[in-house]
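So the chains spell out like this:
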Amino acid sequence: MTKIAESHIEELAIAEIESLGWQYFYGPQIAFDGEFPERDNFQDIILKERLRQAIARINVDVPYPAQDEALQKVLRIGTSDLLKSNEDFHNYLVNGVDVEYDSENGTSGDKVFLLDFCPGGTGNEFLCVNQFTIIESNKNKRPDIILFINGIPLIMIELKNPGDEKATVKKAYTQFMNYKDAIPSLFYYNALLLATDGLEAKTGTLTSAFTRFMARKTKDGKREASHLESQMITLIVGMLNKETVIDLLRHFIVFEKTTKEDLATKQIFVDTEKKVAAYHQYYAVNKAIQSSIIASEEYGNRKAGVIWHTQGSGKSLSMVFYAVKLVLQLDNPTVVVITDRNDLDDQLFDTFAVCRQLLRQDPSQAENREDLKSKLKVAGGGIVFTTVQKFFPEGEEEKFPLLSDRKNIIVIADEAHRTQYGFEAKDTYVKDNEGNEIGTKTSYGFAKHMRDALPGATYIGFTGTPVELTDRNTKTVFGDYIDIYDIQQAVDDGATVRIYYESRLAQVHLLEEKKDNIDDELNILAEDAAEYAVNNAKAKWTRIEAIVGQTNRLEAVAKDIVQHFETRQQVFEGKAMIVAMSRRIAVSLFNEIIKLKPDWHNADDDKGFIKVIMTGSSSDPKNFQPHIRNKEKRKAIGERLKEPKDSLQIVIVRDMWLTGFDAPCLNTLYVDKPMKGHSLMQAIARVNRVYKDKPGGLIVDYIGIAQDLRKALAVYTESGGAGKPTLDIDEAINAMMEKLEVVRQIMHGYDYSTYFTAPL
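All figures in this text were calculated on a predicted structure; none of them were measured in a lab. (Residues numbered from 1 in each chain as written. Predicted model: local features only at pLDDT ≥ 70, side-chain atom pairs only at ≥ 80, totals over all residues. Heavy atoms only, no water.)

A. Region of interest: the environment of Asp-701. Along the polypeptide, Asp-701 turns up in strand β27 (residues 696-701). Looking at Asp-701, its side chain comes within polar contact range of the main-chain nitrogen of Ile-705, at 2.7 Å. (Helix = DSSP H or I, 4+ residues; strand = E, 2+ residues; numbered from the N terminus. Polar contact = N/O pair within 3.5 Å; in protein donor to acceptor, adjacent residues only side chain to side chain.)

This is the structure in structure tokens:
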């Protein structure tokens, strides 16, 4: 039998790439001493003549000296900061190279484009080269396959032999990291990296951790490829066809920037991470663009649809990619992004703000209704963030006033099922100061008010949890599903990790009739909710809060959390979040924990093992005051929690950070607050992010949410989702015991006891 060699995988990959219309050359053929020389030496990374000709083809109206100026800028892009050079070049690639030249009207400014972005892209030249020798700083390297577009080495493929058990995809990834040190000039221009052993195949960028290298499960976004088919073939066909690869390069690569602090020097620095859309993001966004174009046409229904992508799978970034492509496809519309909480508005705004280079504009936040109206007084353009509460009539208004009747406005609603609905009229009783009924008032849901404010806008919803089958309002506002990416898909793809459930104290049992409405009441009482809603809800849950917050109970919960967390740290390093029912309970639980672990406390926000995250004012009780911080200080603590090496390990929250907050190193959620439905699903997803070798997240239940989890699963399944939101830890233990019994039977008759006492 002939053994499979790496060269066989290389030949298979090249053949598949050629079938997509790429030209092929063997590396030595185009070397300076080869049959068809295209390089002056082995230091040349770019095929200069190909790029020169491509620039001339694509930029026919730009004078030759300006074209050459652009070429020279590309060739001189390299600096000692590899990532900065890569980002600068990517800006050239997607936005063009700025040039100046003399014209009849004086000095003229223009852009020289390196790629042909016109439909069909006939000005682009696609070249596949294997065994491309590069010599840099006396280091001789030869990557397996490099894909050039217009002479620029944009994609690198590293192959490993599937017949060699040590030659894994992880080894291919390690090879990329070694190349970054040995031949950094190649990475000035690199857009994508592809690692494969012929069967398994994953793709990422030069900053991606191996856990963020992702496979592609479909060739066309319409159907999932068979598991019997090589992932390499699926990835090549699905990602490297000419149309898709140009689309990815232009719209689906982003450089995310995060401000961080060096723990040793205390210096502030900006951390940059280059990200490329996963396959589910890519296809969902393109579907959404098409549905938005149809919905926003002259006689369109203004309902672009709903994208349901499970929490943790990159929904916020999908919204960025959607906005990026939408602006180019719909001739510069105004994009209005709506959330239902101020803290969520800030979190999503920050995601868009750090992607401003890709968006090609700076997003803005509307301070109030008048500011929103002012920001919409433009013919087009702009990305405006606001909360849904700004669409509620003020004073004696019965109808929300018109803000803009333009039809080139796209409204993106985050978590569309929560508040962006309600057209039907509802009569409510009006009472005087003494509580006497004096009449009725007709009110409407936020959807009616938004339609009154923006009657010509097109609406699209993004959600991390499913829309219930009985929920007619969401479909009335947005339309049907555009795309679904459920829990099972996300876990299988490695986009998220599994969540496990563990029931512990659970000393308080609430009657079902009490629990049915408690989640809605608690949501109303979230930070920054309207005052009228707070007053209506307070009386309904105060009695329950008093039971949950009993001192002897909190003492027991605190003791168990400390013991559980320290034990868990011995096995899995990671951080934790505690969810309390009220601010009073959050503060009390903090105090009980500090009694047990006084060294965990530090009044300095930059230090300490545990913090409480909540809002408040000077009128709050004295013991609340140390925990009340402004937005900037809360954000700084959030950055500490996200940093694995920071001493902050635990935070206690009530409502904040239960949606939209992304800390991959968070692996345990201690729940001591009744939750249900969408809010429960969103909260538990705080621990499902991928991080290093994190095997999964854990939900520790102190209040009794098991029944609500089962109800949430029923809704999830009815809505078409596959997989379970959580897996009971007892099920995992039972499965492990079954496997252990199998191993014991295999080892029957062999004394393996010394293994457990043998030195490491």
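Read on for the rest.
B. Main features of the pattern of salt bridges. Within this structure, the stated rule accounts for 36 salt bridges. Here Lys-48 makes a salt bridge to Asp-40, at a shortest N to O gap of 3.2 Å. Residue classification places Lys-48 among the partly exposed residues on the basis of a relative accessible area of 26%. With a shortest N-O distance of 2.6 Å, Asp-655 and Lys-673 are connected by a salt bridge. On the criterion of sequence distance, the pair formed by Asp-655 in the loop between β25 (650-653) and β26 (666-672) and Lys-673 in the loop between β26 and α24 (677-684) is long-range, its members being 18 residues apart. Neither residue differs from the other here; Asp-655 and Lys-673 are each classed as buried. Within this structure, Glu-38, Arg-50 and Glu-125 form a network of salt bridges that share partners. (Salt bridge = Lys/Arg side-chain N within 4 Å of Asp/Glu carboxyl O. Buried < 20%, exposed > 50% of the residue type's maximum accessible area, 1.4 Å probe, protein only.)

C. Region of interest: the packing of helix α8 (residues 242-251) against helix α10 (residues 315-329). Look at α8 against α10: their axes get within 10 Å of each other, and the N-to-C directions meet at 105°. Here α8 is positioned roughly perpendicular relative to α10, judged by the angle of their axes. Each of Asp-247, Arg-250 and His-251 in α8 lies in contact with α10, whose residues at this interface are Phe-321, Val-324, Lys-325 and Leu-328. A class-by-class count of the residues in the contact of α8 with α10 yields three nonpolar, one polar and three charged. (Axes fitted to C-alpha atoms, helices over the stretch in contact; angles between N-to-C directions. Parallel < 35°, antiparallel > 145°, perpendicular 65-115°, else oblique. Contact = heavy atoms within 4.5 Å. Nonpolar A, V, L, I, M, F, W, Y, C, P; charged D, E, K, R; others polar.)

D. Region of the structure containing the sheet that holds strand β16 (residues 383-387). Strand order across the open sheet formed by seven strands is β15-β16-β14-β17-β20-β13-β21, with parallel pairing between neighbours. Edge positions in the sheet fall to β15 (364-365) and β21 (481-485), since each of these pairs with one other strand and no more. For β15 and β16, the ladder comprises two bridges, and the chain directions are parallel. Each bridged residue has a counterpart across the sheet, and for Ser-364 the counterpart in β16 is Val-384. (Pairing = 2+ DSSP bridges.)

E. Here's a closer look at the packing of aromatic side chains. Under the counting rule described, the total for this entry stands at 22 aromatic pairs. Summarising the aromatic geometry, the rings of Trp-22 and Phe-126 are spaced 5.0 Å apart at their centres and angled 70° between planes, so their arrangement reads as edge-to-face. Taken as a pair, Trp-22 in the loop between α1 (6-19) and β1 (23-26) and Phe-126 in strand β4 (residues 126-130) lie far apart in primary sequence, 104 residues in all. When its relative accessible area of 3% is taken as the criterion, Trp-22 is described as buried. Look at Phe-89 and Tyr-189: their rings are 5.0 Å apart centre to centre, the planes differ by 85°, and that puts the pair in the edge-to-face class. (Phe/Tyr/Trp six-rings, centres within 6.5 Å; stacked < 30°, edge-to-face > 60°.)

F. Geometry of the environment of Ser-619. Within the secondary structure, Ser-619 sits in the loop between β24 (610-613) and α23 (631-642). For Ser-619, a relative accessible area of 66% puts it in the exposed group. Within the structure, Ser-619 has its side chain in polar contact with the side chain of Ser-617 (distance 2.8 Å).

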